[in-house]
Amino acid sequence: MRIAEVIGTVTLSRWHPALTGMRWIIGVPLSLTALREHLAPDGEDIVILDQLGAGFGQRIGVSEGGEAAVPLFPEKKPQDAYCACLLDSLDVT
């Protein structure tokens, strides 16, 4: 799981039928250095499936790869990243 900051939403004009009604956001992952030193996100933007209602500027936990599909089991969805949690606070030591 990686920590990311939400920077926007995605609007789809066409999508796979299994994704009907899903919400998509854009997040930028933070490196450990960025987390420790309270710097801006420094990763590459990723598109994330969000069922928790993450808002702009919020930090979230993101599951990627095969683990991203687990919350939607047994239905398989064509996705690569899933918003697994909304972070209220984070303490990196």
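Residues numbered from 1 in each chain as written. Predicted model: local features only at pLDDT ≥ 70, side-chain atom pairs only at ≥ 80, totals over all residues. Heavy atoms only, no water.

## Focus: the overall build of the protein chain
Okay, step 1: In terms of regular secondary structure, the protein chain is built from 1 helix and 5 strands.
Okay, step 2: In the protein chain, which comprises 93 residues, the proportion classed as buried is 32%.
Okay, step 3: A separation threshold of at least 6 residues defines the contact pool for the protein chain, and within that pool the share at least 24 residues apart is 56%.
Okay, step 4: Entry remark: accessible area of the protein chain is about 5,900 Å², with carbon and sulfur atoms responsible for 53%. (Helix = DSSP H or I, 4+ residues; strand = E, 2+ residues; numbered from the N terminus. Buried < 20%, exposed > 50% of the residue type's maximum accessible area, 1.4 Å probe, protein only. Contact = heavy atoms within 4.5 Å. Areas by Shrake-Rupley, 256 points an atom, 1.4 Å probe, with all protein chains shown as cover.)

## What to know about the state of the cysteines
Okay, step 1: Throughout the structure, instances matching the rule amount to 0 disulfides.
Okay, step 2: For the unlinked cysteine Cys 83, the closest cysteine sulfur is that of Cys 85, found at 6.8 Å.
Okay, step 3: Given a relative accessible area of 24%, Cys 85 falls into the partly exposed group. (Disulfide = S-S within 2.5 Å.)

## Remarks on unusual backbone geometry
Okay, step 1: Here His 38, not a glycine, exhibits a phi torsion of approximately 55°, which is positive.
Okay, step 2: Looking at the element boundaries, His 38 is found in the loop between helix H1 (32-36) and strand S3 (46-50).

## So, the pattern of salt bridges
Okay, step 1: Evaluated as defined, the whole model comprises 3 salt bridges.
Okay, step 2: Its salt-bridge partner being Arg 59, residue Glu 5 comes within 3.6 Å of it at the nearest N-O pair. Separated by 54 residues along the polypeptide, Glu 5 in strand S1 (residues 2-10) and Arg 59 in strand S4 (residues 59-64) bring together distant segments of the chain.
Okay, step 3: When the shortest N-O distance is used, the salt bridge between Arg 23 and Asp 50 registers 2.2 Å. Placement of Arg 23 in strand S2 (residues 23-29) and of Asp 50 in strand S3 is noted, with a sequence separation of 27 residues between them.
Okay, step 4: Judged by relative accessible area, Asp 50 falls into the buried class, the value being 3%. (Salt bridge = Lys/Arg side-chain N within 4 Å of Asp/Glu carboxyl O.)

## Some details on the nonpolar core
Okay, step 1: Core analysis: the largest hydrophobic core is formed by 10 residues, namely Ala 4, Val 6, Ile 25, Ile 46, Ile 48, Ala 54, Ile 60, Val 62, Ala 81 and Cys 83.
Okay, step 2: Elements that contribute at least two residues to this core include exactly S1, S3, S4 and strand S5 (81-86). (Core = buried A, V, L, I, M, F, W, Y, C linked by side-chain atoms within 4.5 Å.)

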